[in-house]
Amino acid sequence: MAAFIAKQMVGNQLSAVKDAAGGGDGGDDGDDKEKAEEEERERQEAIREAEERRKEKHRKMEEEREKMRQDIRDKYNIKKKEEIVEAAPQEEPNPLMRKKKTPEELAAEAEQEELDDFTNICTLVLKYMVHHPYHHLQQQQHNKKTSTTTTSTEVILYVQY
């Protein structure tokens, strides 16, 4: 990195001297391109080196942290948590590209929802009958005395009870 900066400073000063002397006008296009390419390579090299130093520093810090964690675990007899990696199905990144459901699948889901609704209603009715059986029987007897027609819910309740 220091070499890069030194070359930049010296190169810029030489360019300024050439331009001031008037000798920099002829045939500089090829030299300028070569110099620009060289400078770009040096810049990329400096960036790569800086990134490597940063990664090495981070790795060393993480090793020190892990050593401290292990010391604490040893001191207090704590077991290290083992990460369990499950093979979870990966969702597709674009929700518009997900697998479309077939009409049979949609019909099956709708039928399941209807069955669930019917099951919930029956469960509620049974719970009511279990908690209030005497009240329900009185209600049925009263309904029989007052009307001769029976509703489908009364038939279901009577059959199930």
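Residues numbered from 1 in each chain as written. Predicted model: local features only at pLDDT ≥ 70, side-chain atom pairs only at ≥ 80, totals over all residues. Heavy atoms only, no water.

*Asks:* Lay out the side chain of Glu42 with the relevant residues and their values.
*Replies:* With respect to the helices, strands and loops of the structure, Glu42 is situated in helix α2 (residues 28–76). Sequence-distant contacts of Glu42, that is, excluding residues within four places in its chain, are made with Phe4 and Lys7. (Helix = DSSP H or I, 4+ residues; strand = E, 2+ residues; numbered from the N terminus. Contact = heavy atoms within 4.5 Å.)

*Asks:* Got a sec to walk through the layout of surface pockets? Specific residues and values, please.
*Replies:* Considered as a void within the structure, the largest pocket measures approximately 240 Å³ in volume. Among the secondary structure elements, those contributing two or more residues to the lining of the largest pocket are α1 (2–21) and α2. A per-element tally of the lining of the largest pocket places α1 first, with 7 residues. Residue composition of the lining of the largest pocket, by class: 1 nonpolar, 4 polar and 6 charged. (1 Å grid on protein atoms, 1.4 Å probe; cavity = no way out; pocket = protein on both sides within 12 Å on 5 of 7 lines; lining within 4 Å. Points joined across faces, edges and corners; volume = space filled by probe spheres on them. Nonpolar A, V, L, I, M, F, W, Y, C, P; charged D, E, K, R; others polar.)

*Asks:* An account of a negative patch on the surface is needed here, citing residue identities and associated values.
*Replies:* Judged by side-chain charge, Asp19, Asp29, Asp31, Asp32, Glu34 and Glu37 come together as a negatively charged surface patch. It is α2 that contributes the most residues to the negative patch, 5 residues altogether. Along the chain, Glu37 falls in helix α2. (Patch = residues over 30% accessible without salt bridge, like charges linked within 9 Å, V, L, I, M, F, W, Y side chains within 5 Å. Areas by Shrake-Rupley, 256 points an atom, 1.4 Å probe, with all protein chains shown as cover. Salt bridge = Lys/Arg side-chain N within 4 Å of Asp/Glu carboxyl O. Lys, Arg positive; Asp, Glu negative; His and termini not counted. Charge placed at Lys NZ, Arg CZ, Asp CG, Glu CD.)

*Asks:* Before we move on, can you summarise a nonpolar patch on the surface with the specific residues and values?
*Replies:* A contiguous nonpolar patch, built from Ile72, Tyr76 and Ile78 and spanning about 320 Å² of accessible area, is present on the exposed surface. As for its position among the elements, Tyr76 is in helix α2. Assessed through its relative accessible area of 52%, Tyr76 is described here as exposed. (Buried < 20%, exposed > 50% of the residue type's maximum accessible area, 1.4 Å probe, protein only.)

*Asks:* A description of unusual backbone geometry should follow, citing residues and the corresponding values.
*Replies:* For residues that are not glycine, phi is negative in most cases, and the peptide bond is trans in most cases. If you check the backbone angles, Asn77 has positive phi at about 55° while not being a glycine. Mapped onto the elements, Asn77 comes out in the loop between α2 and α3 (103–131).

*Asks:* Hey, could you go over the pattern of salt bridges for me, with residue numbers and the actual values?
*Replies:* Under the defined criterion, the tally for this structure stands at 14 salt bridges. Glu56 is paired through a salt bridge with Arg59; the nearest N and O atoms lie 2.3 Å apart. Taken together, the positions of Glu56 and Arg59, both in helix α2 and 3 residues apart, correspond to about one turn of that helix. Take Arg59: its relative accessible area is 37%, and that puts it in the partly exposed class. A salt bridge links Lys67 to Asp71, with the shortest nitrogen-to-oxygen separation between them at 4.0 Å. You can see Lys67 and its partner Asp71 sitting in helix α2, 4 residues apart, about one turn around the helix. Accessibility expressed as a relative area gives 58% for Lys67, which makes it exposed. Under the relative-accessibility criterion, Asp71 is labelled partly exposed at 41%.

*Asks:* How would you explain the environment of Glu42 if you had to name every residue and give the values?
*Replies:* On the accessibility criterion, Glu42 (16% relative accessible area) is buried. For the pair Glu42 and Lys7, spaced 35 residues apart in the sequence, the C-alpha separation amounts to 9.7 Å.

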